[in-house]
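# Descriptive structure summary
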Amino acid sequence: MGRAKVSVVIVNSSNKMFEYCSPNTTLASQLQSYQDISRTKLWDAKHEELSKEIERIDNENKSMQIRLRHLNGEDVTSLHLPELASLEATLDTGLRRVRNWKMEEFDKIAQRDQDLEDENKRLRYMLQQQEMGMAVAAMDSNVREYQQQMPFAFRVQPNQPNLHERM
C-alpha cells in the first residue's frame, strides 16, 4: 500500500499564506497531480507563463547569490582557471573604480579645505582692516580731544625770519 501525500494551504485574515506538504513532495507537484487525475485545468496559459517567469527569476537570483559569494572570495574552490581569471579581472576593475572614487573624494575634501582656508584669510584681512580703521578713528578722536583741551596753540608762521634762513 502506498503512502498518502498531503498538502495543506492556510490563508490568514491578513492574506498571508502558509503551506505544509508531506516529505518529498511540493505544493506545485501536488496541484499538478490533482490536475492530471481530475482532468481539471487549474492553471491557464497566463499562470503557466507566470510560473515559468518566477522559476527563471528564482534561478537568476540563485546565480547572482553564487556570483556575489564568489566576489566576496567565498566558494572559489569550485571555479576553474578561466572563471578565476574572469573573477580576478572583475575584482581588479572594481578595485580601480573604488580607488578612483576615493581619490576624487579626497580631492573634493582638499579643495573644500583650501576654500575654507582662503575664506578664513579673507575674513581675517577684513577684520584687521576694520580694527585698523577703528584704531585710526580712536586716534583722531584722541587728537581732537587733546586739541580741544589746549588753551592755546602755537603755529609756525612762514614769515618769521628765523624760519626763512633754514629753508
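Residues numbered from 1 in each chain as written. Predicted model: local features only at pLDDT ≥ 70, side-chain atom pairs only at ≥ 80, totals over all residues. Heavy atoms only, no water.

Under the local residue numbering, the UniProt record ascribes the feature "coiled-coil region" (unreviewed entry) to residues 47–74. As annotated, residues 47–74 has a helix share of 89% and a strand share of 0%, and its two end C-alpha atoms lie 37 Å apart. (UniProt positions renumbered as here; feature names shortened; annotations may be inferred. Helix = DSSP H or I, 4+ residues; strand = E, 2+ residues; numbered from the N terminus.)

Turning our attention to the pattern of salt bridges. Per the stated rule, a full pass over the model turns up seven salt bridges. As a salt-bridge pair, Glu53 and Arg56 come within 2.6 Å of each other at their nearest N and O atoms. Here Arg56 and Glu53 lie together in helix H2 (residues 45–71), a separation of three residues that amounts to about one turn. Overall, Arg56 belongs to the partly exposed group, its relative accessible area being 42%. Note that Lys62 and Asp58 form a salt bridge whose closest N and O atoms lie 3.5 Å from each other. One end of the pair, Lys62, and the other, Asp58, are both in helix H2, four residues apart, so they sit about a helical turn from each other. (Salt bridge = Lys/Arg side-chain N within 4 Å of Asp/Glu carboxyl O. Buried < 20%, exposed > 50% of the residue type's maximum accessible area, 1.4 Å probe, protein only.)

Its 12 residues give helix H1 (residues 27–38) an end-to-end C-alpha distance of 16 Å, which sits within 8% of 16 Å, the value for a rise of 1.5 Å per residue. Those residues of H1 that fall on the buried side of the exposure criterion are Leu27, Gln30 and Gln35. Buried residues of H1, seen end-on, are gathered within an arc of 135° and therefore sit on one face of the element. In H1, the exposed positions that point more than 90 degrees away from the buried face belong to Ala28 and Ile37. Here the buried face of H1 lies against strand S1 (7–11) and strand S2 (17–21). Once H1 finishes, Arg39 follows within two positions and takes phi at roughly 55°, a positive value. (Expected span 1.5 Å × (residues − 1). Arc of directions from axis to C-beta. Contact = heavy atoms within 4.5 Å.)

Next up on the list: the pairing of S1. Inspection of the sheet shows S1 paired to S2 by five bridges, in the antiparallel sense. Note on S2: the bridge partner recorded for Val9 is Glu19. Hairpin connection from S1 to S2: five residues lie between these consecutive antiparallel strands, with Asn15 at a positive phi of about 60°. (Pairing = 2+ DSSP bridges.)

Here Asn15, not a glycine, exhibits a phi torsion of approximately 60°, which is positive. Within the secondary structure layout, Asn15 lies in the loop between S1 and S2. Of the residues examined, Asn15 reaches a relative accessible area of 66% and is grouped as exposed. Notably, Asp75 is not glycine yet its phi reads approximately 55°, a positive angle.

Further remarks concern the side chain of Thr25. One can find Thr25 in the loop between S2 and H1. At a separation of 3.1 Å, a polar atom in the side chain of Thr25 contacts the side chain of Ser29. Apart from residues lying up to four places away in sequence, Thr25 is in contact with Lys5 and Gln30. (Polar contact = N/O pair within 3.5 Å; in protein donor to acceptor, adjacent residues only side chain to side chain.)

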